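# Geometric and topological summary
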Amino acid sequence: MNAVPAPVAAASASSADLLLWVAIPYICLAVFVVGHIWRYRQDQFGWTSRTTQLLEHRWLRWGSPLFHLGAFMVIAGHVVGLAIPDAWTEAVGITEHTYHTTAVWAGSVAGVAMVAGLGMLCARRLLNRQIRRGTDRSDKLLFPLLSVTVVLGITATAAHNVFGAGYDYRSTVSVWFRGLFVLQPHPEAISGAPLLFRLHAMSAFLLFAAWPFTRLVHVWSAPIGYLARPYLVYRRRTTPTAATAVGGRTRSASGSRRAA
Ligand code: HEM
């Protein structure tokens, strides 16, 4: 990386820094946890992605996989870039140059997929009258907040690490992020980061606070059980005729298959 990493200042943080980079993130995380418990207890039947597949499927067929595939890649990149200290990746032989090149390429592909997918999902919601009518207050909060977070993320990557001189967020933003979770906050680590990174991190925390009150709760209910669940058996309602009855079982009963 050709950038000079901004050093983590040892100076004590200002009250504005404490508010922005300690108090607000902790409040958002508390709302995230308590909000999920509240939602689970109050609204288990509403705990769903509220799919609109039956109303429109052409845009959804492309938009949804693009967005979700991009999101999985972005999450993986964030786990490595934010949660794992650079000393650890270097200890296993991943140089700063290798990390940076991979992060920029994979991050850009993932970010573009996410932006394109989200663009399609937003477009069909705006352009299809039936979907627009079914858009409730939680969607009106979620879609703009999600879009702002994603666009700020990809803009920060593009401006600083694709077209810019390079910015080593692992020695600033990541230090601040990890500090929150080990209860040793370092607000001064992020306060000097470029504006796009700060705006992106702040909008992400606001998204975390909104999360439990939106359709994003479906993330915790991924249908992994589908992979291992038993086959469903379909039986005809009509009485079997002699031609279809074989050895006491009907053909339809033996022709079991997975449900679509
Ligand atoms: C507080 C939490 C978060 C922090 C501190 C954070 C930080 C970052 C950083 C440092 C980058 C630049 C990566 C690079 O240049 O290689 C980035 C990029 C990005 N972020 Fe985040 N992020 C957070 C949460 C989120 C969330 C919740 C989303 C999506 C909903 C998101 C979406 C993106 C996207 C699309 C990119 C551009 C693609 C990429 O480089 O991975 N981020 N983020």
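Residues numbered from 1 in each chain as written. Predicted model: local features only at pLDDT ≥ 70, side-chain atom pairs only at ≥ 80, totals over all residues. Heavy atoms only, no water.

A few words on the coordination of the iron atom of the ligand. When four donors bind a metal tetrahedrally, each ideal donor-metal-donor angle is 109.5 degrees, and when six bind octahedrally, the ideal angles are 90 or 180 degrees. Looking at the metal site, the iron atom of the ligand is ligated by His78 (NE2) and His200 (NE2), spaced 2.0 Å from it. Taken together, the six donor atoms surrounding the iron atom of the ligand define angles of 88 to 179° at the centre, an arrangement classified as octahedral. Of the two residues, His78 sits in helix H2 (residues 58–83) while His200 sits in helix H9 (residues 195–210), which places them 122 residues apart along the sequence. Accessibility expressed as a relative area gives 18% for His200, which makes it buried. (Donors = N, O, S within 2.8 Å, 3.2 Å for Na, K, Ca; no water. Tetrahedral: all angles 85-135°; square planar, octahedral: opposite > 155°, others 65-115°. Helix = DSSP H or I, 4+ residues; strand = E, 2+ residues; numbered from the N terminus. Buried < 20%, exposed > 50% of the residue type's maximum accessible area, 1.4 Å probe, protein only.)

Attention now goes to the environment of Arg58. You can see Arg58 is positioned in helix H2. C-alpha separation for the pair Arg58 and Arg124, spaced 66 residues apart in sequence, amounts to 9.4 Å.

Turning our attention to unusual backbone geometry. In this model, Arg50 sits at a positive phi of 50°, which is unusual for a non-glycine residue. Of note in the backbone geometry, Leu183 takes a positive phi value of approximately 60° without being a glycine. Within the secondary structure, Leu183 is located in the loop between helix H7 (173–181) and helix H8 (187–191). The class for Leu183 is exposed, based on a relative accessible area of 66%.

Once that is clear, we can look at helix H1 (residues 15–42). Along H1, the sharpest change in direction is near 30° and occurs at Ala23; proline Pro25 comes one to four residues later. The inward-facing, buried residues of H1 contact H7, H8 and H9. (Bend = angle between axes of the 7 residues up to and from the residue. Contact = heavy atoms within 4.5 Å.)

Read these as layout, nothing more, since geometry by itself doesn't imply function.
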